[in-house]
Amino acid sequence: MTVNIREATKKDIDAITLLHLNRFKNFFLSSLGYDFLYTFYTTFIIADSLGRLYCVEINNEIVGFSAVVFDSKGSTGRIVKANLRFFLWYVIKNSFRVKLFINLLKRVIFEKGLQVSGPELLSIATSESTKGIGKALLKYTINELKLLGYSNLSLTTDKYDNESVIAFYKKVGFEMQGDFRTIDDRQMIRFNKNLYEN
C-alpha cells in the first residue's frame, strides 16, 4: 500500500468533492451541491494566496483531504470573490434555491465576526475505511503551515453529537476556545492549537 499526502491539484477536485459530499451529508455547504463544492475547492488551487488544499492518496485513489485558509476573517467572502463569475452564474442557474443563497450571504456577513485571525482548518475528511489517515493528514497540514511561518491553527466543529471528533481534536493538542451559535442555529465549538506544542 502506497500512501502519499500532498498538495492537491486540479485533477483531484472531483474526488475531493465527492468525498466531501459523502462525509458531510447534512452540512450547509453540501446542501449547495456538487458544482458549488467543486468550485469552492478549485478556488484553493487557482487562488493559492487564500489557503491550501491537501489530499491523501492510497494506491492512486484520493481517500482524504484537508482545506485550510490562511486568514479566517472574511475567508468566505474572499473565496467567493476569487471565483465571482462562477458563483454569480451558479446563483442564476439555481435561483429556485433562493433560501440557500440567502443563508450563504448571511453567513458571509454574520459569521465574519465569529472568525479569528490566522489560519483555520475549514474541513478535513477521510474515507470511512482509512484508520489513522486523518491524524497523518492533520500532522502534514500542521507541518506545512509551520513551513509557511504560521504558529497557530483554529477550527470549529459541532458541539453536540460529535464526541469522537471533539475527543480527537483534544488528543492531538487542540484547546477549546469557546462556543457559538451559527446563523442556521448550529451550536459550534472553536478550537485552537499552538503548532509548536504537542
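Scroll up to find the structure.
Since we're looking at a predicted model, the values are computed, not measured.

### Re the environment of F168
Argument step 1. Considering the arrangement of structural elements, one finds F168 in helix α8 (residues 163–171).
Argument step 2. A relative accessible area of 26% places F168 in the partly exposed class.
Argument step 3. Taking the C-alpha atoms as reference, F168 lies 8.6 Å from K135; in sequence the two are 33 residues apart.
Argument step 4. What F168 contacts, discounting residues up to four positions off in sequence, is G134, K135 and L138.

### Points about the packing of helix α1 (residues 13–23) against helix α3 (residues 34–46)
Packed helices, taken two at a time, are described by their axes: the angle between them and the distance between them.
Argument step 1. In contact at an axis separation of 9 Å, α1 and α3 are set at 125° when each is read in the N-to-C sense. By the angle between their axes, α1 is oblique relative to α3. Considering how the two elements wind past one another, α1 and α3 form a crossing that is right-handed. Judged by residue contacts, I13, D14, I16, T17, L18, H20 and L21 of α1 engage Y34, L37, Y38, Y41, T42 and I45 from α3.
Argument step 2. Partitioning the contact of α1 with α3 into residue classes produces nine nonpolar, three polar and one charged.

### Overview of the packing of aromatic side chains
Two descriptors summarise a pair of aromatic rings, namely the distance from one centre to the other and the angle between the planes of the rings.
Argument step 1. Within this structure, the stated rule accounts for 11 aromatic pairs.
Argument step 2. Here F24 and F27 contribute two aromatic rings whose centre-to-centre distance is 5.1 Å and whose plane-to-plane angle is 65°, an arrangement assigned as edge-to-face.
Argument step 3. Here F24 falls in the buried class, since its relative accessible area comes to 14%.
Argument step 4. Measuring from ring centre to ring centre gives 6.1 Å for Y169 and F191, while their planes differ by 45°; the resulting arrangement is tilted. Of this pair, Y169 sits in helix α8 while F191 sits in strand β7 (residues 187–194); the two residues are 22 residues apart in sequence, bridging distant segments of the chain.

### Brief notes about the pairing of strand β2 (residues 51–58)
Argument step 1. Burial runs high along β2: eight of the eight residues are buried.
Argument step 2. Residue alternation in β2 divides its side chains into two sets, G51, L53, C55 and E57 and R52, Y54, V56 and I58, and both sets are buried.
Argument step 3. As paired elements, strand β1 (residues 3–7) and β2 share five bridges and run antiparallel to each other. Note on β2: the bridge partner recorded for I5 is V56.
Argument step 4. In this sheet, strand β3 (residues 61–69) lies alongside β2 in antiparallel orientation, the contact comprising eight bridges. Note on β3: the bridge partner recorded for G51 is V69.

### So, the sheet that holds strand β4 (residues 120–126)
Argument step 1. In space, the seven strands of this open sheet follow the order β1-β2-β3-β4-β5-β7-β6, with mixed pairing throughout. Edge positions in the open sheet fall to β1 and β6 (175–181), since each of these has one partner strand only. Looking at each pair of strands side by side, their axes are set apart by 25° on average, direction ignored.

### Re α3
Argument step 1. Taking 1.5 Å per residue as the helical rise, α3 with its 13 residues ought to reach 18 Å, and the 18 Å between its terminal C-alpha atoms agrees with that figure.
Argument step 2. Along α3, the residues classified as buried are F36, L37, T39, F40, Y41, T42, T43 and F44.

### Notes on a positive patch on the surface
Argument step 1. A grouping of K131, K135, K139 and K171 is seen on the molecular surface, where their side chains present a positively charged patch.
Argument step 2. By the element assignment, K171 lies in helix α8.

Cut-offs applied
- Numbering of residues starts from 1 in every chain and runs along the sequence as written.
- It should be noted that, the model being predicted, local features are given only for residues of pLDDT at least 70 and side-chain atom pairs only at 80 or more, the latter also being counted only at that level, while totals for whole chains, interfaces and linings use all residues.
- Hydrogens and water molecules were not included; the side-chain quantities draw on all heavy atoms of the structure.
- In DSSP terms, a helix is any run of H or I states spanning at least four residues, a strand is any run of E spanning at least two, and both are numbered starting from the N terminus.
- Throughout, exposure labels follow a simple rule: accessible area from a 1.4 Å probe, protein chains only, divided by the maximum for the residue type, with under 20% read as buried, over 50% as exposed, and the rest as partly exposed.
- The contact criterion used throughout is that any non-hydrogen atoms of two residues lie within 4.5 Å.
- Lines fitted to C-alpha atoms define the axes, with helix axes restricted to the stretch in contact, and inter-axis angles between N-to-C directions lie between 0 and 180 degrees.
- By definition in this entry, angles of less than 35 degrees are roughly parallel, angles greater than 145 are roughly antiparallel, angles of 65 to 115 are roughly perpendicular, and the rest are oblique.
- The hand of a helix crossing depends on one turn: near helix anticlockwise from the far one by less than a right angle means left-handed, and clockwise means right-handed.
- Under this grouping Gly is polar, as are all residues other than the nonpolar Ala, Val, Leu, Ile, Met, Phe, Trp, Tyr, Cys and Pro and the charged Asp, Glu, Lys and Arg.
- Between rings of Phe, Tyr and Trp, where Trp is taken as its six-membered ring, a pair exists when centres lie within 6.5 Å; planes separated by under 30 degrees are stacked, by over 60 edge-to-face, and by other angles tilted.
- The pairing criterion is simple: DSSP has to find at least two bridges between the two strands.
- By this rule the span expected of a helix is its residue count minus one, scaled by 1.5 Å.
- Think of a patch as exposed residues, more than 30% relative accessible area, with no salt bridge, where like charges cluster within 9 Å and nonpolar side chains (Val, Leu, Ile, Met, Phe, Trp, Tyr) cluster within 5 Å.
- Note that accessible areas follow from Shrake-Rupley with a 1.4 Å probe, and for residues the cover is restricted to the protein chains shown.
- Only one rule defines a salt bridge in this text: a Lys or Arg side-chain nitrogen within 4 Å of an Asp or Glu carboxyl oxygen.
- Charged residues are defined narrowly, with Lys and Arg counted positive, Asp and Glu counted negative, and His plus the chain ends left uncounted.
- To locate a charge, the coordinates of NZ of Lys, CZ of Arg, CG of Asp or CD of Glu are taken.

So, to be careful, I would describe these as geometric facts and stop short of saying anything about function.
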